[in-house]
Amino acid sequence: MCLKPIKWIERGGFMGDGKINSSVPNQQQPLPLENGAVSSSPDVQAPKQKNVEKHQTAAGSKYASAPGGPSHAGSKIGDSKLTGRLREAQISATLRTKANLAQSVAGKQIGTLDKTAIVVARDHSPAGFKNRYEAIALARGLGSKNAAIYQDSNKRWHAIETNVPVGNKGVSNNLQYVGQPDLNQWNDLKQKAADAKRQFGPQDPRTQDAYRNQLAAALGVDPSEINIIRNEGDKPDLTKINFNPRLLKLGNAGEIGLDKPAFVQVGPTELGFDNPYDVISTTLHEETHVRHHDRANELLGEFKKTGQPMDKFKGWVEGQYKANKISVEERETTIGAYEKRTGPTEAASYITGFMSTFAMDRKDPLLEKLLYSNLGQAAIRSPLSDDFKKELMSRLEKLYQGLDSNDRQRFDAAMTRLKTDPQTKNTWLAKFQHN
Ligand SMILES: [Zn+2]
């Protein structure tokens, strides 16, 4: 087998990692949590490399996601097409936390349309999401005509597929069909954006609008739901998805650390806007960071009510975990945010990305690269606690147990590569063993 060094695709990470628009020196201050991990990150332990940060994924049918581009303009790493569908059980497992034990809506009747009962065929996020856009990104990435989001009675949003396809038509406030991206429409919008960029320049409002239209089309939302950060220094909209024309990464999630704003922003990289699933994947990845971040701040709020000084916070979070009130993922990502470390949130995102990659079209030439890339990105994240490593490895093993023999071979090939590649052979994930 050939083990020539792979160029990893990077999707962005948190802000503290750096590199937003390196060509714009005095940039907007909060640098977001990127989408695109960054090799300068303190969490990255491996040698310098080009990372492919593949986001969580989604992927639907014939498009690919060529993830992340590095934040530096011009470096196009990967340009192929992927395809795929998420494997719901696997992905949803990663999204569930003890603190968010909403009930799955799978199998439930949630409405009627033309006298036909609308039933949730699959719930891809049983625990639900607080943030509607995270559900949209996950649902939209399924590549299913029946993809929808649904808000349960606890106000949590689920990414679902129903038994009744209705395109993009909304049915009620609680249920919204998101369907799948329309490639023809996408290609048309992509052309318009390229034309506008050529004709007016990248920072012209008309060009910015053209990118916003692409972003909206990928996610199946109205363009008014996308906020454009028009000028340097403008504040992002924390409640929407932001398009930042000056962001050189695929995406970013705001500033790392507690009590800092977290938000999703997507940059106009060539790689990121190659096909709609790239945009979806980037958005989902960043939404995941934002979820970790918001949860960390929720916990911080609870802690503050106890009146204890901040130096007791970490111990308090540990205590919440021991009392079974939060998951190991929440504990790790919260302490990570407190200590300004992105390792835990990135590792979790990349593991999810790796898992979702199995849902993609296996004929795609980029697929193996992405598979390994996600795994490699997860592997170089540190420091992670032993029980979090164990948790992430157990997700992988659970995934493996559910794979068919072809996919098991792909899994093992990626893992073998990880264990032999000089960049990753000494990392925590290289210690993975099947049960
Ligand atoms: Zn990231």
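Residues numbered from 1 in each chain as written. Predicted model: local features only at pLDDT ≥ 70, side-chain atom pairs only at ≥ 80, totals over all residues.

Engineer: Is there a simple way to think about the overall build of the chain in this case?
Structural biologist: Secondary structure summary: the chain contains 11 helices and 10 strands in total. Counting the 435 residues in the chain, one finds 56% classified as buried. At a minimum sequence separation of 6, the contacts of the chain that also span at least 24 residues come to 69%. (Helix = DSSP H or I, 4+ residues; strand = E, 2+ residues; numbered from the N terminus. Buried ≥ 20, exposed ≤ 12 C-beta atoms within 10 Å, placed from the backbone. Contact = placed C-beta atoms within 7 Å.)

Engineer: How should I be thinking about the pairing of strand 3 (residues 116-123) in this particular structure?
Structural biologist: Two faces, one strand: in a regular strand the side chains alternate between the faces of the sheet. Bridge count for strand 2 (residues 109-113) against strand 3 is four bridges, and the pairing is antiparallel. Counted as the bridge partner of Leu113 is Thr116 from strand 3. Count of turn residues in the strand 2/strand 3 antiparallel hairpin: two residues, of which Asp114 carries a positive phi of about 50°. The pairing of strand 3 with strand 5 (residues 157-162) spans three bridges and is antiparallel. Bridging across to strand 5, Asp123 finds its partner in Ile160. (Pairing = 2+ DSSP bridges.)

Engineer: I keep staring at the confidence of the model for the chain and nothing clicks. Help me out?
Structural biologist: Should the pLDDT be low somewhere, the predicted coordinates at that spot are not to be read in detail. Averaged over every residue, the pLDDT of the chain is 76; residues scoring 70 or more account for 72%. Taken element by element, the chain is modelled with least confidence in strand 1 (residues 34-35), mean pLDDT 36, and with most confidence in strand 7 (residues 226-228), mean pLDDT 97. Overall, residues 14-100 carries pLDDT values under 50, and its contacts beyond four positions in sequence, including any with other chains, amount to 360 contacts. (pLDDT = per-residue confidence, 0-100.)

Engineer: When you look at the environment of Glu332 in this model, what are you seeing that I'm missing?
Structural biologist: Relative to the assigned elements, Glu332 resides in helix 7 (residues 328-338). Counting along the chain gives 10 residues from Glu332 to Thr342, while the straight-line C-alpha distance between them is 10.0 Å. Non-local contacts of Glu332, meaning those with residues more than four positions away in its chain, are made with Pro344, Leu384, Ser385 and Phe388.

Engineer: Is there a simple way to think about the packing of helix 6 (residues 313-322) against helix 7 in this case?
Structural biologist: In helix packing, the relevant descriptors are the interaxial angle and the interaxial distance, both defined with respect to the helix axes. The contact between helix 6 and helix 7 brings their axes to 9 Å, and the two run at 175°. Our classification of the angle between helix 6 and helix 7 gives roughly antiparallel. Between helix 6 and helix 7, the residues in contact are Phe313, Lys314, Val317, Glu318 and Tyr321 and Val328, Arg331, Thr334, Ile335 and Tyr338, respectively. For the contact of helix 6 with helix 7, a count of residues per class yields six nonpolar, one polar and three charged. (Axes fitted to C-alpha atoms, helices over the stretch in contact; angles between N-to-C directions. Parallel < 35°, antiparallel > 145°, perpendicular 65-115°, else oblique. Nonpolar A, V, L, I, M, F, W, Y, C, P; charged D, E, K, R; others polar.)

Engineer: I keep staring at the nonpolar core and nothing clicks. Help me out?
Structural biologist: Where a protein is soluble and globular, its nonpolar side chains tend to be buried together. Counting residues in each nonpolar core, the largest one holds 48 residues, and the members touching the most others are Ile136, Ala139, Ala148, Ile149 and Leu215. Beyond its immediate chain neighbours, meaning those up to four positions away, Ile149 contacts Arg132, Ala135, Ile136, Ala139, Trp157, His158, Ala159, Ile160, Gln176 and Val178. Core analysis: the next-biggest nonpolar cluster, separate from the first, contains 23 residues, Tyr350, Met355, Leu384 and Leu429 among them. (Core = buried A, V, L, I, M, F, W, Y, C linked by C-beta atoms within 7 Å.)

Engineer: What's the story with the packing of helix 2 (residues 132-140) against helix 5 (residues 276-305) in this structure? I'm lost.
Structural biologist: In contact at an axis separation of 9 Å, helix 2 and helix 5 are set at 145° when each is read in the N-to-C sense. Relative to helix 5, helix 2 is oriented so that their crossing is left-handed. Taking contact as the criterion, the partners of Tyr133, Glu134, Ala137, Leu138 and Arg140 in helix 2 are, on helix 5, Ile280, Thr283, Leu284, Glu287 and Arg291. When the residues that make up the contact of helix 2 with helix 5 are grouped by side-chain class, the tally is five nonpolar, one polar and four charged. (Left-handed = near helix turned anticlockwise from the far one by under 90°.)

Engineer: When you look at the sheet that holds strand 2 in this model, what are you seeing that I'm missing?
Structural biologist: For sheets, the rule is that strands pair by backbone hydrogen bonds, running either parallel or antiparallel. Spatially, 2-3-5-4-6 is the arrangement adopted by the five strands of the open sheet, whose pairing is antiparallel. Sheet topology places strand 2 and strand 6 (175-177) at the edges, where each strand pairs with a single neighbour. Adjacent strand axes in the sheet meet at a mean angle of 40° when their direction is disregarded.

Engineer: Looking at this structure, I do not really get unusual backbone geometry. What am I missing?
Structural biologist: A negative phi holds for most residues other than glycine; trans holds for most peptide bonds. The omega torsion of the bond from Ser382 to Pro383 falls at -10°, within 30 degrees of zero and hence cis. With respect to the helices and strands, the residue Pro383 is situated in the loop between helix 9 (367-379) and helix 10 (386-401). Located in the positive-phi region is Lys155, a residue other than glycine, with phi close to 70°. Within the secondary structure, Lys155 sits in the loop between strand 4 (147-151) and strand 5. We note that Asn324 has phi near 65°; this positive angle belongs to a residue other than glycine. For Asn324, a count of 9 C-beta atoms within 10 Å corresponds to the exposed category.

Engineer: Hey, could you run me through helix 10 in this one?
Structural biologist: Side chains that are three or four residues apart share a direction in an α-helix, a result of its 3.6 residues per turn. Its 16 residues place the ends of helix 10 22 Å apart at the C-alpha level, agreeing with the 22 Å of an ideal helix rising 1.5 Å per residue. Within the sequence span of helix 10, burial applies to Phe388, Leu392, Arg395, Leu396 and Leu399. Buried residues along helix 10 cover an arc of 95° about the axis, so they all sit on one side. More than 90 degrees from the buried face of helix 10, the exposed residues found are Asp386, Asp387, Ser394 and Gln401. (Expected span 1.5 Å × (residues − 1). Arc of directions from axis to C-beta.)

Engineer: It is not clear to me how the environment of Phe354 should be interpreted in this structure. Could you clarify?
Structural biologist: Locating Phe354 in the fold gives a position in helix 8 (residues 343-357). You can call Phe354 buried: it has 29 C-beta atoms within 10 Å. When the C-alpha positions of Phe354 and Gln377 are compared, they lie 9.5 Å apart, and in sequence the two are 23 residues distant. For Phe354, the contacting residues outside a window of four places in its chain are Leu371, Asn374, Leu375 and Ala378.

Engineer: What is the right way to read the environment of Lys260 from this model?
Structural biologist: Here Lys260 lies in the loop between strand 9 (251-254) and strand 10 (262-266). Residue classification places Lys260 among the partly exposed residues on the basis of 18 C-beta atoms within 10 Å. Residues Lys260 and Asn297, spaced 37 residues apart in sequence, show a C-alpha to C-alpha distance of 8.9 Å.

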